[in-house]
Amino acid sequence: MSLEDLGLTADEDAVYQALIGLPTARYERIAEIVALPGERTKGALRALVARGVVVRPADGRGYAAAPPAVALGAELAARRERVQRAELTVARLAETYRMVTADRAQRELVEIVEGTEAIRTRYLQLQLSAQHTIDILSAGEPGAVTPADSEEVTAISRNVRVRAVIDQGFLREAGAAENVAQSLAAGVHVRTVTEVPYKLILGDGSVAMLPLHGRGAGVNPAVVLRGGLAHVARELFEQVWERGRPYQEEPHPGIDPVDAHILRLLLAGLTDSAVAGQLKMSARTVQRRLQALMTRAEATTRLQLGWYARDHGWV
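What comes next concerns the included structure. Remember, it's a predicted structure, so these values are computed and weren't measured experimentally.

Here the focus is helix 3 (residues 38-51). Here helix 3 spans 20 Å end to end across 14 residues, near enough to the 20 Å set by a 1.5 Å rise per residue. Within helix 3, burial applies to Thr41, Ala44, Leu45 and Leu48. Summarising the axial view, the buried residues of helix 3 lie within an arc of 100 degrees, below the 170-degree limit, and thus occupy one face. The exposed residues of helix 3 that point more than 90 degrees off its buried face are Glu39, Arg46 and Ala50. Residues of helix 3 that are buried make contact with helix 1 (10-20), helix 2 (27-34) and strand 1 (54-55).

Here helix 2 crosses helix 3 at 110 degrees, and the two axes come no closer than 10 Å. With respect to helix 3, the element helix 2 is oriented roughly perpendicular. Of the two possible hands of crossing, helix 2 and helix 3 adopt the one that is right-handed. Across the interface between the two elements, Tyr27, Ile30, Ala31 and Val34 from helix 2 touch Gly38, Thr41, Lys42 and Leu45 from helix 3.

Position of Val207 relative to the elements: it lies in strand 8 (residues 207-211). For Val207 and Gly227, which are 20 residues apart along the polypeptide, the C-alpha to C-alpha distance reads 7.4 Å. Apart from the residues within four sequence positions on either side, Val207 is in contact with Leu126, Ile201, Leu202, Val224, Leu225, Arg226 and Ala230.

Turning our attention to the pairing of strand 8. Taken across its five residues, strand 8 has five buried, putting it largely inside the fold. Relative to strand 8, strand 7 (residues 200-203) runs antiparallel, the two being bridged by three bridges. If you follow Leu202 over to strand 8, its bridge partner there is Ala208. As consecutive antiparallel partners, strand 7 and strand 8 are separated by three residues, and within that stretch Asp204 has a phi angle of approximately 55 degrees, a positive value. Where strand 8 meets strand 9 (residues 222-226), five bridges bridge the pair, whose relative direction is antiparallel. Bridge pairing in strand 9 places Ala208 opposite Leu225.

This paragraph deals with a nonpolar patch on the surface. On the surface, Leu109, Val110, Ile112, Leu212 and Leu229 cluster together into a nonpolar patch covering about 380 Å² of accessible area. Residue position: Val110 is located in strand 3 (residues 110-113).

Right, let's get into the nonpolar core. Counting 49 residues, the largest nonpolar core has Leu263 and Leu305 as its most contacted members. Among all residues touching Leu305, those that are not within four sequence positions of it are Leu263, Leu290, Leu293, Met294, Ala297, Ala299 and Trp314. With 20 residues, the next largest nonpolar core counts Leu3, Leu8, Tyr16 and Tyr63 among its residues.

Our focus in this paragraph is the pattern of salt bridges. Applying the stated criterion to the full structure yields eleven salt bridges. A salt bridge links Asp11 to Arg40, with the nearest nitrogen and oxygen atoms 2.8 Å apart. With a gap of 29 residues between them, Asp11 in helix 1 and Arg40 in helix 3 connect regions that are remote in the sequence. A relative accessible area of 18% means that Asp11 is categorised as buried. The partly exposed category is assigned to Arg40, whose relative accessible area is 42%. Arg226 is paired through a salt bridge with Glu111; the nearest N and O atoms lie 3.1 Å apart. Of this pair, Arg226 sits in strand 9 while Glu111 sits in strand 3, placing them 115 residues apart in sequence. The network of salt bridges with common partners includes Glu111, Arg122 and Arg226.

About the thresholds
- Residues numbered from 1 in each chain as written.
- Predicted model: local features only at pLDDT ≥ 70, side-chain atom pairs only at ≥ 80, totals over all residues.
- Heavy atoms only, no water.
- Helix = DSSP H or I, 4+ residues; strand = E, 2+ residues; numbered from the N terminus.
- Expected span 1.5 Å × (residues − 1).
- Buried < 20%, exposed > 50% of the residue type's maximum accessible area, 1.4 Å probe, protein only.
- Arc of directions from axis to C-beta.
- Contact = heavy atoms within 4.5 Å.
- Axes fitted to C-alpha atoms, helices over the stretch in contact; angles between N-to-C directions.
- Parallel < 35°, antiparallel > 145°, perpendicular 65-115°, else oblique.
- Left-handed = near helix turned anticlockwise from the far one by under 90°.
- Pairing = 2+ DSSP bridges.
- Patch = residues over 30% accessible without salt bridge, like charges linked within 9 Å, V, L, I, M, F, W, Y side chains within 5 Å.
- Areas by Shrake-Rupley, 256 points an atom, 1.4 Å probe, with all protein chains shown as cover.
- Salt bridge = Lys/Arg side-chain N within 4 Å of Asp/Glu carboxyl O.
- Core = buried A, V, L, I, M, F, W, Y, C linked by side-chain atoms within 4.5 Å.

Pasting the structure below:
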């Protein structure tokens, strides 16, 4: 972990992190640990003492790290304040831009975005610029934007509501179950359907992006819709959301979380083998756990187990 983002140089970072693991240390010991030339070590220590990040004990015979929460907390708070001011400035500039270019915007209700990198950039811009809501339809293998690229957590931290509908094709992809679990933990509201009509992201119900050539084609090129066209995309999302099955966010206390996960994936339409692959266990283990659940529910078929699981809040 680096502290250079808080304004420390690489030398200061190395010296401070070395001192964190020591009650006190003399200059010679510090220089030995960080493996820096003597003058660089001395310079880093002088700078850290000046900033109050490192202190001299009463006997003046060494150096000690100040508590991180105290020494670096003020810098963290100041940087957060600067980011907030920057966000306000960007919002004002965006509003000015919108007003100045209103006529042009009316002529540019449709924007074509070509190239994987350009599509990824526009997708992340939609997430980061959303003020109230982000709505997503996910289908099949991720294209230009992978779950690792997403800024959903950043948006949620700004009190933006994020909803996502995923289909069976998405859930079959490697690591999909883990990605969904991470999204749920971050606060994303998730529902599942057999198949979504298009991949789609919708920001604040007013700007939408989807593949230009529809489902079954690649995401490149993509089309960005605004105005009334974005409202059509919003209605499409709402219809898919309404018929979606909630992907339970809180596990039922009466069932093992792994069993609940197995049931959710099966109810989403995955086979035993696909479920096993998502949960990194054997198909035999999945079947054994399902058999135990059927016995507990006094069900003779998986259909009956599904009904029982829904009636008793397991999924």
